[in-house]
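Here's the letter readout for the chains.
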Amino acid sequence: MVNSEALNNISNTLKCNIEDIKNIEYLKVGLTNSSFKFCVLDKAYVYRQPGKNTNIFINRKSEVYSEKIAKELGLDKTIIHIDESGWKLSKYLDCVLLDPYDINDQKRAMKLIKKLHNANIVSKYDFDYLKETERFIKIFKQDKIVDFSKHLETHKQVKRINKLLDSLGYTKVLCHNDFWSYNILKEKSNKLTLIDWEYSGNAYPACDVAYYVSSLDFSIDDYLSLAKLYEGHTLTDKETKYYLYSLAIVMWYWYVWALYKEANGK
């Protein structure tokens, strides 16, 4: 059942009557929020309701800022309105799933994310993978929801890797930080749209390339081939370190994130 607040938000934003909101259909993809598709006067939309306690690990002000940039750059033209409280209203796109293993889709995806990185936008908001990871670790300790003691040695190793990554001298710019195939909408024309900017903030661009493979059956060689595709040339030794260090930092954050989500019933 859709709550009245959501219906009022839709009505006020689209300047329609609540009775005009038809064909509500819940969407299953997503571990952070709940979303549903609906129609108003034969036009389709998607409404996103923020999940419980998402304010703990998501900076909604950063998301609102990044969505504005994404719209200006033509990366996400679906957005109609996004509120700092977390709800969002978007146009519905008739799209197919991106095939993350297909070389042509990989090329399109790397071109898409490189457009963001090449804009060299520095947000007011950072997404520091190590600090965000340690935020969860602090919650584990305070709330006693996860026994993290068996992971402490790995975390120490990741902290050392993070120092090595910082020492390479790369510049942090606005990144998406949730760059997986379900957030890359592929229209039948092959045009791509990048949605869901909740984790966006300043980070190393390699982190977006790393996250692309996070849920895929990729070997290290496959991943470095993708990095080569992104860079447009054979990787130097420094670039290889840059991508491998970034992979470790990104994977560790999302592993700890998953521990948190699992402890909360996901």
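Everything discussed here concerns the structure shown above.
A.B. asks: Got a minute to help me understand unusual backbone geometry in this structure?
C.D. replies: The phi torsion of most residues other than glycine is negative, and most of the peptide bonds are trans. At asparagine 120, a residue that is not glycine, the phi angle is positive and equals roughly 55 degrees. Locating asparagine 120 in the fold gives a position in the loop between α3 (103–118) and α4 (129–143). Residue classification places asparagine 120 among the exposed positions, given a relative accessible area of 55%.

A.B. asks: Please clarify how a positive patch on the surface should be interpreted in this entry.
C.D. replies: Together, Lys43, Lys71, Lys77, Lys91, Lys111, Lys115 and Lys191 line one region of the surface with positive charge. Positionally, lysine 111 belongs in helix α3.

A.B. asks: Honestly, empty space enclosed by the protein in this entry has me stumped. Any pointers?
C.D. replies: Over the atoms, a rolled probe matching the size of one water molecule traces out where space is still vacant. A complete count under the given rule lists one cavity of 30 Å³ or more for this structure. In this structure, the largest cavity occupies an estimated 80 Å³ of space. Around the largest cavity, the lining residues are Phe127, Asp128, Tyr129, Leu130, Asn162, Leu165, Asp166, Lys172, Ala203, Tyr204, Cys207 and Ile249. Within the residue set of the lining of the largest cavity, elements represented by two or more residues are α4 and α5 (152–167). Tallied by class, the residues present in the lining of the largest cavity amount to eight nonpolar, one polar and three charged.

A.B. asks: When you look at the sheet that holds strand β9 (residues 192–194) in this model, what are you seeing that I'm missing?
C.D. replies: Strands belonging to one sheet form pairs held by backbone hydrogen bonds; the direction of such a pair is parallel or antiparallel. The antiparallel open sheet is built from three strands, whose spatial order is β6-β8-β9. Of all strands in the sheet, those with a lone pairing partner are β6 (95–97) and β9, marking the two edges. Strand-to-strand twist across the sheet, computed as the mean angle between neighbouring axes with direction ignored, equals 40 degrees.

A.B. asks: How should I be thinking about the state of the cysteines in this particular structure?
C.D. replies: What is meant by a disulfide is a covalent connection between two cysteines, made through their sulfur atoms. Under the counting rule described, the total for this entry stands at zero disulfides. The thiol of cysteine 16 is unpaired, and the distance to the nearest cysteine sulfur, on cysteine 39, comes to 12 Å. For cysteine 16, a relative accessible area of 10% gives the class buried. A relative accessible area of 19% means that cysteine 39 is categorised as buried.

A.B. asks: Where do I start with the environment of glycine 74 in this structure?
C.D. replies: Inspection of the secondary structure assignment puts glycine 74 in the loop between α2 (60–72) and β4 (79–82). Glycine 74 gets classed as partly exposed once you look at its relative accessible area, which sits at 21%. Spatially, the C-alpha atom of glycine 74 lies 21 Å from that of tyrosine 204, the residues being 130 residues apart in sequence.

A.B. asks: Got a minute to help me understand helix α1 (residues 4–14) in this structure?
C.D. replies: Turn by turn, an α-helix covers 3.6 residues, leaving residues three or four places apart pointing in a common direction. For α1, the complete set of buried residues consists of Ala6, Leu7, Asn9, Ile10 and Ser11. In the core, the buried residues of α1 are packed alongside β1 (21–27), β2 (34–40), β3 (43–49) and β5 (88–91). Once α1 finishes, lysine 15 follows within two positions and takes phi at roughly 55 degrees, a positive value.

A.B. asks: Teacher, can you tell me more about the packing of helix α7 (residues 220–231) against helix α8 (residues 237–263) here?
C.D. replies: Angle between the axes and distance between the axes are the two parameters that describe a pair of packed helices. Between α7 and α8, the shortest axis-to-axis distance is 11 Å and the interhelical angle comes to 120 degrees. Between α7 and α8, the interaxial angle falls into the category oblique. Regarding α7 and α8, the two cross each other, and that crossing is right-handed. Contacts from Ile220, Tyr223, Leu224, Ala227, Tyr230 and Glu231 of α7 reach α8 at Glu239, Thr240, Tyr243, Leu244 and Leu247. Class assignment of the residues belonging to the contact of α7 with α8 gives a composition of eight nonpolar, one polar and two charged.

A.B. asks: Where do I start with the packing of aromatic side chains in this structure?
C.D. replies: Any two aromatic rings considered together are summarised by their centre-to-centre distance and by the angle between their planes. Per the stated rule, a full pass over the model turns up 29 aromatic pairs. Judged by centre distance (6.1 Å) and plane angle (50 degrees), the rings of phenylalanine 148 and tryptophan 252 are tilted. Residue phenylalanine 148 is located in the loop between α4 and α5, and its partner tryptophan 252 is located in helix α8; the two are separated by 104 residues in the primary sequence. For phenylalanine 148, a relative accessible area of 6% gives the class buried. Ring pairing ties together the aromatic residues Phe57, Phe127, Tyr129, Phe136, Tyr199, Tyr211, Tyr253, Trp254, Trp257 and Tyr260, which thus form one cluster. For the cation-ring pair, lysine 37 lies above tyrosine 92, with the distance from its terminal atom to the ring centre recorded as 4.0 Å. Against the face of tyrosine 170 rests lysine 238, its NZ or CZ located 5.1 Å from the ring centre.

Calculation criteria
- Residues numbered from 1 in each chain as written.
- Predicted model: local features only at pLDDT ≥ 70, side-chain atom pairs only at ≥ 80, totals over all residues.
- Heavy atoms only, no water.
- Helix = DSSP H or I, 4+ residues; strand = E, 2+ residues; numbered from the N terminus.
- Buried < 20%, exposed > 50% of the residue type's maximum accessible area, 1.4 Å probe, protein only.
- Patch = residues over 30% accessible without salt bridge, like charges linked within 9 Å, V, L, I, M, F, W, Y side chains within 5 Å.
- Areas by Shrake-Rupley, 256 points an atom, 1.4 Å probe, with all protein chains shown as cover.
- Salt bridge = Lys/Arg side-chain N within 4 Å of Asp/Glu carboxyl O.
- Lys, Arg positive; Asp, Glu negative; His and termini not counted.
- Charge placed at Lys NZ, Arg CZ, Asp CG, Glu CD.
- 1 Å grid on protein atoms, 1.4 Å probe; cavity = no way out; pocket = protein on both sides within 12 Å on 5 of 7 lines; lining within 4 Å.
- Points joined across faces, edges and corners; volume = space filled by probe spheres on them.
- Nonpolar A, V, L, I, M, F, W, Y, C, P; charged D, E, K, R; others polar.
- Pairing = 2+ DSSP bridges.
- Axes fitted to C-alpha atoms, helices over the stretch in contact; angles between N-to-C directions.
- Disulfide = S-S within 2.5 Å.
- Contact = heavy atoms within 4.5 Å.
- Parallel < 35°, antiparallel > 145°, perpendicular 65-115°, else oblique.
- Left-handed = near helix turned anticlockwise from the far one by under 90°.
- Phe/Tyr/Trp six-rings, centres within 6.5 Å; stacked < 30°, edge-to-face > 60°.
- Lys NZ or Arg CZ within 6 Å of the ring centre and 35° of its normal.

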